[in-house]
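Next come the chains, spelled out residue by residue.
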Amino acid sequence: MKEQLDHAERCVDAMLAARDDRWYPAFHIAARAGWLNDPNGLCYFKGRYHVYFQHNPFDTTWGPMYWGHASSEDMVTWRREPIALAPSIEADQHGVFSGSAVVSDDGLLYVYYTGHRWHDEDEWSRGATQVQCLATSADGVNFDVHGVIIDCPEGITEFRDPKVWRTGDTWFMVVAARSLAGVGQIWLYTSADMVRWAFDRVLFEDPDPRAGMLECPDLFPLGDRWVLIYSAMSLPADGYRTRNGHNSGYVVGTWAPGEDFVPLTGFSPMDWGHQFYAPQTFEAPDGRRVVYGWMSALSVPPATQQADGWCGQLTVPRELFLDADHRLGSRPIAELAGLRTETIDFGAFELGVNEDKVLLADAEAAEIELVVDLAATTSDRVGLSVHKDPDGHATFVCYDDLADRVSIDRRLAAHGDRGYRSAPHPGGDKLTLRVLVDRGSVEVFAADGLAALSSYSFPGEGPRAVELSSESGTIKVDSLTVHRLGTIWADPDR
Ligand code: FRU
């Protein structure tokens, strides 16, 4: 595999030399150059957090899949690591697809991934064979590939994304499969030794037969429930929901080894923005359930794809929680406060009728924390324009009092895709908004994370302002704090 890895690094180096950083993230994980999609193999191993990701080192589009890699001591400052996995055996010759990582009792990292092989590389419609493979590592950087551990069942055309965990003495794996009838299912396997796996049962089948594949399944305990997350392919738009073509979401239920998964809820979005797909979770050493998602590129190609030499970033790491009504919330992990380089406290005030207030005249990377007393607010919308450039382009983040929703509206975006997304506001009379603005994206958390929205946002040239605005009424601000944020990269030049 060494030869393939060296060749891939040289290709990334060549693209890196021409990388345009106007939208390259300061505090989100992205490939040095080339393409990134799903987060893979999230784990804490030998004193470091590891994030691997689907990576095409040859181009800014999806293509032959490798596993890119970054590691960190604290989930705040990250080190670039060499590309970890390349196609190296017949079974994965056209792609080392998504998968997960767990640590064995004898201190090795076990990585399970999908080996992908087109039947005809020039004609993808002829289908593919997908199998589950194992690789191990003593340091998280160098891997030994052991080959296929679960073969593709007869007649199954799509079978991928193994996610492994241990309950008691048994190892469990969920895998996505398209059933013989063409319906998205999640299959459960078990193993005592991490190497020999036995089919246990079909754990879940999507009640909507149009969902042909439930990519990147993940099943984990949270509080006294089990949460099943998956990324449903090809669901049509349904009002505010499932507007992204392929959509990630969750179902809350109960499960125990040897039993069925019993759903207690329907399928709900995990994040209501334009860009959130293929999330994967892991358990941090202190027991927190942390998720990373891919800020996806599934509809209109992101603006960086054409000329900037890179495409695709992950979300910030988020801690998951369930509320009493079985709603899954997510908030940026507390450690991210470590990215703050300067804080401006605007305190409490009232914004008058039809007023604009500049919070930052120019910000590449910023965080806004806003608390508004909605009972004492008469403005139609509580608006935050971010990435506002001198030509008037901006991305509009707002609370809409008429609809009681929180939205990201890109109608005035300088570059890239437009459109808006909107989440119900579960916060009652108190609006608490936390907004993370990076060079090419915005993430919005309302009601302490009960509603989240993530979207790309590509500003035009010149300063990038952040502004608060009222419309046809006043805004009663209880508190407003704005932070400038630094970079996550220990060596930002690479
Ligand atoms: C999800 C996905 C996975 C697959 C990987 C390939 O975005 O399609 O199902 O393993 O990406 O890159």
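Please read these numbers as outputs of a predicted model, since none were measured by experiment.

The rules behind these values
Residues numbered from 1 in each chain as written. Predicted model: local features only at pLDDT ≥ 70, side-chain atom pairs only at ≥ 80, totals over all residues. Heavy atoms only, no water. Helix = DSSP H or I, 4+ residues; strand = E, 2+ residues; numbered from the N terminus. Buried < 20%, exposed > 50% of the residue type's maximum accessible area, 1.4 Å probe, protein only. Lys, Arg positive; Asp, Glu negative; His and termini not counted. Salt bridge = Lys/Arg side-chain N within 4 Å of Asp/Glu carboxyl O. Polar contact = N/O pair within 3.5 Å; in protein donor to acceptor, adjacent residues only side chain to side chain. Contact = heavy atoms within 4.5 Å. 1 Å grid on protein atoms, 1.4 Å probe; cavity = no way out; pocket = protein on both sides within 12 Å on 5 of 7 lines; lining within 4 Å. Points joined across faces, edges and corners; volume = space filled by probe spheres on them. Nonpolar A, V, L, I, M, F, W, Y, C, P; charged D, E, K, R; others polar. Pairing = 2+ DSSP bridges. Axes fitted to C-alpha atoms, helices over the stretch in contact; angles between N-to-C directions. Core = buried A, V, L, I, M, F, W, Y, C linked by side-chain atoms within 4.5 Å. Disulfide = S-S within 2.5 Å. Near = heavy atom within 4 Å. Areas by Shrake-Rupley, 256 points an atom, 1.4 Å probe, with all protein chains shown as cover. Sits in = over half its atoms within 2 Å of the grid points. Domains from an automatic or database assignment. Buried area = accessible area lost by both parts, 1.4 Å probe.

**Focus: the side chain of D400**
Inference 1: Position of D400 among the secondary structure elements: in strand β29 (residues 395-400).
Inference 2: Although D400 is buried, it makes no salt bridge; R381 carries the closest opposite charge, 5.2 Å away.
Inference 3: Polar side-chain contacts of D400 include one of 2.9 Å to the backbone nitrogen of L402.
Inference 4: Every residue in contact with D400, bar those within four places of it in the chain, is listed here: D380, R381 and R405.

**Structural notes on the layout of surface pockets**
Inference 1: When its volume is computed, the largest pocket comes out at roughly 600 Å³.
Inference 2: Taken together, 30 residues make up the lining of the largest pocket; nearest its centre are W62, F97, R160, E215 and M233.
Inference 3: Broken down by secondary-structure element, the contributors of at least two residues to the lining of the largest pocket are β1 (34-45), β5 (96-103), β6 (109-118), β7 (128-137), β9 (159-167) and β13 (214-222).
Inference 4: Looking at the lining of the largest pocket, its residues break down into 14 nonpolar, ten polar and six charged.
Inference 5: The computed volume of the second largest pocket comes to approximately 490 Å³.
Inference 6: Lining the second largest pocket are 24 residues, and of these V102, V164, W165, R166 and E283 sit closest to its centre.

**A word on the sheet that holds β29**
Inference 1: Read across the sheet, six strands follow the order β26-β35-β28-β29-β30-β31 without closing on themselves; strand pairing throughout is antiparallel. The sheet is open, and its two edges are formed by β26 (356-360) and β31 (420-424), each paired on a single side. Sheet twist, expressed as the average angle between the axes of neighbouring strands with direction ignored, equals 15°.
Inference 2: As judged from the four bridges shared by β26 and strand β35 (residues 465-470), these two strands associate in the antiparallel manner. Along β35, the bridge assignment pairs V358 with E467.

**Some remarks on the nonpolar core**
The tendency in soluble globular proteins is for nonpolar side chains to be buried as a group.
Inference 1: Formed by 49 residues in total, the largest nonpolar core has its most connected members in F27, I29, M75, W78 and Y292.
Inference 2: In terms of residue count, the dominant contributor to this core is strand β19 (residues 289-295) (four residues).
Inference 3: In contact with F27, not counting residues within four places along its chain, are V316, L339, A365, L436, V437, D438, L485, G486 and I488.

**Some remarks on the pairing of strand β36 (residues 475-485)**
Inference 1: Examined bridge by bridge, strand β24 (residues 340-345) and β36 share five bridges and lie antiparallel to one another. Bridge pairing in β36 links E342 to R484.
Inference 2: Alignment of strand β25 (residues 349-351) against β36, held across three bridges, turns out to be antiparallel. Considered in β36, the bridge of E350 is made with K476.
Inference 3: By the bridge criterion, seven bridges tie strand β27 (residues 366-373) to β36 in an arrangement that is antiparallel. Paired with E369 across the strands is T481, a residue of β36.

**Overview of the state of the cysteines**
Inference 1: Counted by the stated rule, this structure contains zero disulfides.
Inference 2: Looking at C43, it has no disulfide partner, and the nearest cysteine sulfur is the one in C216, 16 Å off.
Inference 3: Distance from the sulfur of C133, which forms no disulfide, to the nearest cysteine sulfur (C152) is 11 Å.

**Here we look at the site of the ligand**
Inference 1: Neighbouring residues of the ligand: N37, D38, Q54, W62, M65, F97, S98, R160, D161, E215, Y277 and W294.
Inference 2: At 2.6 Å, a side-chain N or O of E215 approaches an oxygen atom of the ligand.
Inference 3: Summarising the interface, the protein chains cover 92% of the accessible area of the ligand, which totals 320 Å² for the free molecule.
Inference 4: When atoms are counted within 2 Å of each cavity's grid points, the one that captures over half of the ligand is the largest pocket.

**Some points on the environment of A303**
Inference 1: Positionally, A303 belongs in the loop between β19 and α2 (304-307).
Inference 2: Take A303: its relative accessible area is 10%, and that puts it in the buried class.
Inference 3: Aside from chain neighbours lying at most four places away, what touches A303 is W23, H415, G416 and F458.

**Overview of the sheet that holds strand β10 (residues 170-178)**
Inference 1: Strand order in this open sheet of four strands is β9-β10-β11-β12, and the pairing throughout is antiparallel. Since the sheet does not close on itself, it has two edges, and those belong to β9 and β12 (198-205), each with one partner. Mean inter-strand twist for the sheet, computed between neighbouring axes without regard to direction, equals 25°.
Inference 2: Note: strand β11 (residues 184-191) against β12, six bridges, orientation antiparallel. Bridge pairing in β12 places T190 opposite A198.

**Notes on the domain arrangement of the chain**
Inference 1: Under the domain assignment used here, the chain contains domain 1 (2-332) and domain 2 (341-485).
Inference 2: Summarising the inter-unit geometry, the C-alpha centres of domain 1 and domain 2 are found 31 Å apart.
Inference 3: With 38 residues of domain 1 at the interface, the matching set in domain 2 holds 37 residues.
Inference 4: Carbon and sulfur atoms supply 56% of the area buried between domain 1 and domain 2, which totals about 3,100 Å² over both sides.
Inference 5: It is W23, W272 and H274 that lose the most area in domain 1 upon contact with domain 2, and together they represent 24% of the buried surface on that side.
Inference 6: Here domain 1 and domain 2 share two salt bridges between them.
Inference 7: Here domain 1 is connected to domain 2 by 26 residue pairs in polar contact (both at pLDDT 80 or more).
Inference 8: Broken down by secondary-structure element, the contributors of at least two residues to the side of domain 1 that touches domain 2 are β22 (318-322) and β23 (328-332).
Inference 9: Tallying contributions element by element places β23 first for the side of domain 1 that touches domain 2, with five residues.
Inference 10: A class-by-class count of the residues in the side of domain 1 that touches domain 2 yields 17 nonpolar, 13 polar and eight charged.

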